Each structure stands twice: as structure tokens, then as C-alpha cells.
Amino acid sequence: GDATKKTIEGLGVIPGKVIRFDDDAVPAVPHIGWNGRIPHQSSPVLSTSEEKDEVYFVHSYYVPIIEENKDWILTSTTYGNQRYVSSVQKGCVVATQFHPEKSGTTGLNIFKNFLQAAEKGTLSNTSSLPIDPSSQTS
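The notes below deal with the structure included here. (Residues numbered from 1 in each chain as written. Predicted model: local features only at pLDDT ≥ 70, side-chain atom pairs only at ≥ 80, totals over all residues. Heavy atoms only, no water.)

**A closer look at the pattern of salt bridges**
A side chain of one charge can pair with a side chain of the opposite charge if their charged atoms are brought near each other. By the definition in use, this model includes 5 salt bridges. Between Glu50 and Lys52 there is a salt bridge; the shortest N-O distance is 3.8 Å. With a relative accessible area of 46%, Glu50 lands in the partly exposed category. Residue classification places Lys52 among the exposed positions, given a relative accessible area of 61%. The residue Asp53 makes a salt bridge to Lys52 at a minimum N-O spacing of 3.5 Å. For Asp53, a relative accessible area of 18% puts it in the buried group. Look at the salt bridges and you will find they share partners, linking Glu50, Lys52 and Asp53 into a network. (Salt bridge = Lys/Arg side-chain N within 4 Å of Asp/Glu carboxyl O. Buried < 20%, exposed > 50% of the residue type's maximum accessible area, 1.4 Å probe, protein only.)

Given below as C-alpha cells:
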């Protein structure tokens, strides 16, 4: 339950806290396996992937979505009933909670798109997308 919920500060670059998944609220901790992403921004990094394309996760902690970090969120993911930040992008800074290197063709395309956009100088070409607050990933 909440007694095992641990919160840490993180690196302090992105606003918010890093919280351990509640063992009683999710199927298992750590979260290991394939899951989807809900896009919050369009980005050259994700230009060849679709929302249905799953990526591979191995983690016990998450960053919840709060007002102060919304402009960083590239994608979110749900695990159990917990929605969390699964990737971020602000300008040329891009980071993922999932493992692109373990995510097959989708992950390789994310790396390829990142490198191509960086080379072309278009990496920071992002725009906000409408989000359905009730949407869930697998």
C-alpha cells in the first residue's frame, strides 16, 4: 500500500517527483513488458511511429503528470490505473522512460528519427496535441 510508496526528487531538470508504483494499484512492480504511448506532442522523433506501436518498459518508478511538467511531456502511458510520463521533449532535449534499444523496429526508428532530425536541425519542431484524459494504453 501507500506505506511502501517512495518518492524521490529526481535530477531536478523536469518539474515533479519520481514515485515508486504502489504494489496494490498495479499488476506487478517492477513494470516489465510491452506497453503503448499516448502522444502529447507531435515530434520528428515519433514521426514514423503510431500510437498503437508498443515499446518495452522495465521500471519501478514513474513521474506523474502535473501542471508544472505538462510542457515537457512527449508521451504518457498507463499501467494499472496510473498514468505517467513515458517520454519527454523540450526543444532538443529528449528522454524516454521506456527502452528504445529493446523496443524492436519502433525503438530503432525512434533513434533513427532523433539522429536525422538533429542532423537536419528540425529536432525541436514540436507542437501540442489534444489529449483525451480517459485514454488508456495496454
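**Looking at the packing of aromatic side chains**
Taken as a whole, this structure holds 7 aromatic pairs when the rule is applied. When the centroid spacing of 5.7 Å and the interplanar angle of 80° are considered together, the rings of Phe21 and Tyr84 count as edge-to-face. You can see Phe21 sitting in the loop between strand S2 (18–20) and strand S3 (31–35) and its partner Tyr84 sitting in strand S9 (residues 82–90), a full 63 residues away along the chain. By relative accessible area, Tyr84 is classed as buried at 0%. An angle of 85° between the planes, with centres 6.1 Å apart, marks the rings of Phe57 and Tyr84 as edge-to-face. (Phe/Tyr/Trp six-rings, centres within 6.5 Å; stacked < 30°, edge-to-face > 60°. Helix = DSSP H or I, 4+ residues; strand = E, 2+ residues; numbered from the N terminus.)

**Considerations on the environment of Pro130**
Within the secondary structure layout, Pro130 lies in the segment after strand S11 (127–128). What makes Pro130 exposed here is its relative accessible area of 77%. Linking Pro130 and His40, residues 90 residues apart in sequence, is a C-alpha distance of 7.0 Å.

**Side note on helix H1 (residues 104–120)**
The terminal C-alpha atoms of H1 lie 24 Å apart, and with 17 residues this matches the ideal 24 Å at 1.5 Å per residue to within 8%. Those residues of H1 not exposed but buried are Thr106, Gly107, Ile110, Asn113 and Ala117. What you see down the axis of H1 is that its buried residues fit within an arc of 120°, all on one side. Exposed residues lying more than 90 degrees from the buried face of H1 are Thr105, Leu108, Leu115 and Glu119. Of the surrounding secondary structure, the elements contacted by the buried residues of H1 are strand S6 (55–59). Looking one or two places after H1, you find Gly121, whose phi comes out positive at around 80°. (Expected span 1.5 Å × (residues − 1). Arc of directions from axis to C-beta. Contact = heavy atoms within 4.5 Å.)

**Overview of the pairing of strand S8 (residues 73–79)**
With 7 of its 7 residues buried, S8 lies for the most part within the structure. The pairing of strand S4 (residues 38–39) with S8 spans 2 bridges and is classified as antiparallel. From the neighbouring strand, Pro39 faces S8, where its bridge partner is Thr75. Pairing of S8 with S9, which is carried by 6 bridges, proceeds in the antiparallel orientation. Among the inter-strand pairings, Ile73 is bridged to a residue of S9, identified as Val88. Hairpin connection, S8 to S9: the antiparallel pair is bridged by 2 residues, and Gly80 has positive phi, about 60°. (Pairing = 2+ DSSP bridges.)

Any functional reading would require information that these geometric values do not contain.
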